[in-house]
Amino acid sequence: MTEPTTPEPALPPDQQEKLRELTTQSWNLELVISGAALFAMLQLPDLLDQFFDYIRYNFMSQTAGFYTIFPSLAYSMMKVTCYVLFLAFLTNFVMRALWVGLVGLLAVYPTGVHYDRIPFTTPYAQKKMADEFGSLDRYILRLDQRCNIVFAVAFLFVISLVLMASAYLFILVVHSVLRPLLSAEAWQYVKMGGGLLTGLFILIGFLLSIPQVRAHPAGVIAHYRFRALNRFFYWGMHKPFAFITNTFYSHLPYKKIIWAIGVMIVVFMALILVEFTADLSRMDRRVSTLNRRHLYTARVDSLYLEPTAYDNQRAEADYIDAAAIQADVIREPYIRLFIAYPKALDTLLTRLSAQPDWSDTLPRTERYRLFADWSSQQINRLMRISVNDSLYTRPDLLFTKRGPREQRGWQTVLIPGNLKIGKNNLRVAIQPDSLAKAEELVTIPFWYVPED
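Residues numbered from 1 in each chain as written. Predicted model: local features only at pLDDT ≥ 70, side-chain atom pairs only at ≥ 80, totals over all residues. Heavy atoms only, no water.

Caption draft 1: Up close: the packing of aromatic side chains. Counted according to the given criterion, the structure contains 9 aromatic pairs. Consider the rings of Tyr341 and Trp410, whose centres lie 4.3 Å apart with planes at 25 degrees: the pair is stacked. A residue pair is termed long-range when its members are at least 10 positions apart, and Tyr341 in the loop between β3 (335-340) and α11 (343-352) and Trp410 in strand β7 (residues 407-414) qualify at 69 residues. Under the relative-accessibility criterion, Trp410 is labelled buried at 6%. Aromatic pair Trp358 and Phe371: ring centres 6.5 Å apart, planes at 85 degrees, arrangement edge-to-face. Note that Trp358 is positioned in the loop between α11 and α12 (364-382) and Phe371 in helix α12, a separation of 13 residues in sequence. Judged by relative accessible area, which is 37%, Phe371 ranks as partly exposed. Put simply, the rings of Phe89, Phe151 and Phe155 pair up and form one aromatic cluster. If you follow Arg96 out to its NZ or CZ, it ends over the ring of Trp99, 4.8 Å from the centre. (Phe/Tyr/Trp six-rings, centres within 6.5 Å; stacked < 30°, edge-to-face > 60°. Helix = DSSP H or I, 4+ residues; strand = E, 2+ residues; numbered from the N terminus. Buried < 20%, exposed > 50% of the residue type's maximum accessible area, 1.4 Å probe, protein only. Lys NZ or Arg CZ within 6 Å of the ring centre and 35° of its normal.)

Caption draft 2: Representation of unusual backbone geometry in the model. Positive phi outside glycine occurs at Phe120, with the angle close to 60 degrees. Along the chain, the position of Phe120 falls in the loop between α3 (66-108) and α4 (123-133). Positive phi outside glycine occurs at Asn388, with the angle close to 55 degrees. Secondary-structure assignment places Asn388 in the loop between β4 (383-387) and β5 (390-392).

Caption draft 3: The arrangement of the nonpolar core in detail. Ranked by size, the top nonpolar core spans 30 residues in total, and within it Ile325, Ile335, Leu337, Ile339, Met383, Leu426 and Val428 carry the most contacts. Elements with a contribution of two residues or more to this core: β3, α11, α12, β4, β7, β8 (422-430) and β9 (439-448). Per-element accounting of this core gives the leading share, 5 residues, to β9. Those residues in contact with Met383 that sit more than four places away from it in its chain are Ile339, Tyr392, Leu397, Trp410, Val428, Ala429, Ile430 and Leu441. One finds Leu38, Val80, Ala88 and Leu161 within the second-largest nonpolar core, a separate group that totals 23 residues. (Core = buried A, V, L, I, M, F, W, Y, C linked by side-chain atoms within 4.5 Å. Contact = heavy atoms within 4.5 Å.)

Caption draft 4: Expanded view of the environment of Ile421. Relative to the helices and strands, Ile421 is located in the loop between β7 and β8. With 28 residues separating them along the chain, Ile421 and Val449 place their C-alpha atoms 5.7 Å apart. Those residues in contact with Ile421 that lie beyond four places of it in its chain are Tyr448 and Pro450.

Caption draft 5: Local environment of a nonpolar patch on the surface. The grouping of Phe170, Ile171, Val173, Val174, Val177, Leu178, Leu181, Val190 and Trp235 at the surface amounts to a nonpolar patch, some 820 Å² of accessible area in total. By residue number, the principal contributor to the nonpolar patch is helix α5 (residues 136-178), which donates 6 residues. With respect to the helices, strands and loops of the structure, Val174 is situated in helix α5. Owing to a relative accessible area of 31%, Val174 belongs among the partly exposed residues under this scheme. (Patch = residues over 30% accessible without salt bridge, like charges linked within 9 Å, V, L, I, M, F, W, Y side chains within 5 Å. Areas by Shrake-Rupley, 256 points an atom, 1.4 Å probe, with all protein chains shown as cover. Salt bridge = Lys/Arg side-chain N within 4 Å of Asp/Glu carboxyl O.)

Shown next as structure tokens:
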């Protein structure tokens, strides 16, 4: 049996009066907070776009399958939460502004609405309006209560957004720190262990939520301790979240709570699905889920023109996915090639070329010079660049940064002697030695039309 909890003593009369004064004067703070939140919500989706473009380029360009879907799904959930937050704060702002107007109107006409004095109506209509609308002061009170409820629900979404963003950042940091340090086999064991722990956590939560388990004395204690363990996932926001939700739970009927939660989940999931599909199409131009064609493919590089692969077609602020040349139609007898260097590619290069250990007695500038020479030799050894059937074994790649985002990568100028008038193909691959299988990064088709 659990010990009965001792309720906290009630507030003294002077503090209760002070609390009532604060609640009656909170409307002006609500208007300020709602206005600031509306402005912030308008800015946040663009910031999320920039942040996830950076994440996708640096950490997802060499991944496939579920590991590309999870960041996109988290991104869509955050954007949908921003939209819902915007609507919630906008609703509260409009309702509170209406409330302020009605309070001012009541100050001018303290007696409120006199339905028997309304012109152009019959006595029957006047009676019906009186029964339907009621007094002005009661309507103002109900409107104030609804404003407070909408404001509290909006902050539930704020806390949810912060929790989702924190959880995603934690997973991202763990992935970016551990993945380069572990081999492919060790990383597979880490993923399996993480999946087992997550599944075990969900299974325990499901078992402890069964009424028969919670009715047992040991089950009561285990259920409470499991819920106490969940507080660590709230990042210090457990108390405000619990106060808001528990206030609703303790005043609303059980069926109404279930109905409200069900409607919110259905609407929220529908919005996430729509946003997820739209975000996939925005982030990957080759995805055409909602606009398919019978004779169309964008999955093979040599059969698809990627706009970001050509400097004359790419927007200045766009990332280069894998590599880029100056144009889709080249008039010059040379090719200016840029190869992108995201963090995901760094994981592969770290595995293919182990950094040598230089003496600690060397000066720092000398170690910097040795590392620069060694890294240049390694990347020129690993990169395999070919134009049509000609292979460049020593492409003379130089490190550079491009664009307003200072995208890191390598650049070189190729002067091929086998360009043919018309369509050509440039391929970029990584091959540690002549016996290993080359890992192709990209194939860029282009047309050579020499100047007269």
